[in-house]
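Below are the chains, spelled out letter by letter.
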Amino acid sequence: MSINIEKLAAEALENGFDFVTDLDISTMNPMDEVRDMCAVDKCHAYNKNWSCPPACGTVSECAAEIKTYTTGLIVQSTITLEDEFDFEGIQELGVRHGKTSVAFTKFLRENYPDMKVLPLTAGGCTFCKECTYPDAPCRFPDMRMSPLEGYGIFVSDLCTKNNIPYNRGKGTLTYVGAFLFA
Ligand code: SF4
């Protein structure tokens with residue numbers, strides 16, 4: 001199908017992201033080294049959610065899935081922190097980025113039912129209060145969002161290769177996501 005990436009970028013901003021840019025799919029390069037960091041389980045999501053490793057597939061399966069998309073967007077949510085101990089601000093940004101990702105995914109599903117969309121975000125899927133993993137299938141596969149890192153993507157490198165800053169200056173914090181389309 002024909003995809004109007006400029007229109008989608010404008011709609012991503014309308015849905016609440018702070019910065020959006022075109023994503024060159026050829027820069028999505030899943031790496032075992034990034035996936036290995038998930039296994040360290042710093043974020044406490046490893047093996048606890050259908051959207052995260054190992055349930056989201058092997059790195060080569062993720063790479064094969066990415067190759068089925070033709071274009072996409074990188075999306076960012078940014079905050080200026082009061083200081084380096086502004087944990088409230090960090091948490092607030094995580095919640096906002098997650099809510100915006102859900103809102104934009106819903107928007108895309110409703111407005112582009114014939115377009116294939118892969119939403120990738122920061123952190124594991126939080127769409128349900130509690131994930132069904134591993135006892136029952138995912139309740140809402142259309143709303144499931146995997147973390148970019150879970151797909152083996154080195155996020156700062158992805159931003160650099162697509163000419164969008166990953167670090168927006170001293171005292172700021174930026175969360176990154178990507179939406180792939182076909
Ligand atoms: S949609 Fe619900 S069940 Fe599916 S991965 Fe997300 S939290 Fe888990």
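See the structure above.
Residues numbered from 1 in each chain as written. Predicted model: local features only at pLDDT ≥ 70, side-chain atom pairs only at ≥ 80, totals over all residues. Heavy atoms only, no water.

What follows is about the sheet that holds strand β5 (residues 172-181). For sheets, the rule is that strands pair by backbone hydrogen bonds, running either parallel or antiparallel. Spatial strand order, β1-β2-β5-β3-β4: 5 strands in an open sheet with mixed pairing. Either end of the sheet is taken by a strand with one partner, and the two such strands are β1 (19-23) and β4 (146-147). By the bridge criterion, 10 bridges tie strand β2 (residues 71-80) to β5 in an arrangement that is antiparallel. Bridge pairing in β5 links T71 to F181. Against the sheet, helix α4 (residues 87-111) makes contact with β2, β3 (117-121) and β5, and its axis sits at roughly 15° relative to β5, the strand it touches most. (Pairing = 2+ DSSP bridges. Helix = DSSP H or I, 4+ residues; strand = E, 2+ residues; numbered from the N terminus. Contact = heavy atoms within 4.5 Å. Axes fitted to C-alpha atoms, helices over the stretch in contact; angles between N-to-C directions.)

Take the packing of aromatic side chains next. As enumerated under the stated definition, the model contains 7 aromatic pairs in all. A ring pair is formed by F104 and F179, whose centres lie 4.9 Å apart and whose planes are at 75°; its orientation type is edge-to-face. Separated by 75 residues along the polypeptide, F104 in helix α4 and F179 in strand β5 bring together distant segments of the chain. Here F104 and F179 have matching classes, each one buried. Among the aromatic residues, ring-to-ring pairing joins F17, F104, F107 and F179 into one connected group. (Phe/Tyr/Trp six-rings, centres within 6.5 Å; stacked < 30°, edge-to-face > 60°. Buried < 20%, exposed > 50% of the residue type's maximum accessible area, 1.4 Å probe, protein only.)

Quick look at the site of the ligand now. Close to the ligand lie N49, W50, C125, F127, C128, C131, T132, C138, R139, F140 and R144. Broken down by class, the residue content of the shell around the ligand amounts to 7 nonpolar, 2 polar and 2 charged. (Near = heavy atom within 4 Å. Nonpolar A, V, L, I, M, F, W, Y, C, P; charged D, E, K, R; others polar.)

Further remarks concern the side chain of S51. Relative to the helices and strands, S51 is located in the loop between α2 (32-39) and α3 (59-66). A relative accessible area of 0% means that S51 is categorised as buried. Side-chain polar atoms of S51 contact the backbone nitrogen of C125, separated by 2.9 Å. The residues contacting S51, other than those within four sequence positions of it, are C56, G124, C125, R144, M145, S146 and P147. (Polar contact = N/O pair within 3.5 Å; in protein donor to acceptor, adjacent residues only side chain to side chain.)

The next subject is unusual backbone geometry. Going from P53 to P54, the amide bond is cis rather than trans, its omega being 0°. Along the chain, P54 turns up in the loop between α2 and α3. In the segment running from Y133 into P134, the intervening peptide bond is cis, with an omega of 0°. Turning to its location among the elements, P134 is positioned in the loop between β3 and β4. Phi is positive for H44, close to 60°, though the residue is something other than glycine. Of the residues examined, H44 reaches a relative accessible area of 60% and is grouped as exposed.

Moving on, we get to the nonpolar core. Counting 20 residues, the largest nonpolar core has L23, M28, L148, Y151 and L180 as its most contacted members. With residues up to four places along the chain from it excluded, the contact list for L148 reads M28, L120, T121, I153, V155, L158, V176, G177 and A178. (Core = buried A, V, L, I, M, F, W, Y, C linked by side-chain atoms within 4.5 Å.)

With that settled, the discussion passes to the pairing of β3. By the criterion of burial, β3 is predominantly enclosed, with 5 of the 5 residues buried. Pairing between β3 and β5: 4 bridges, direction antiparallel. Paired with P119 across the bridge in β5 is F179. As defined by bridge partners, β3 adjoins β4 across 2 bridges and the pair is classed as parallel. For T121, the partnering residue across the bridge sits in β4 and is P147.

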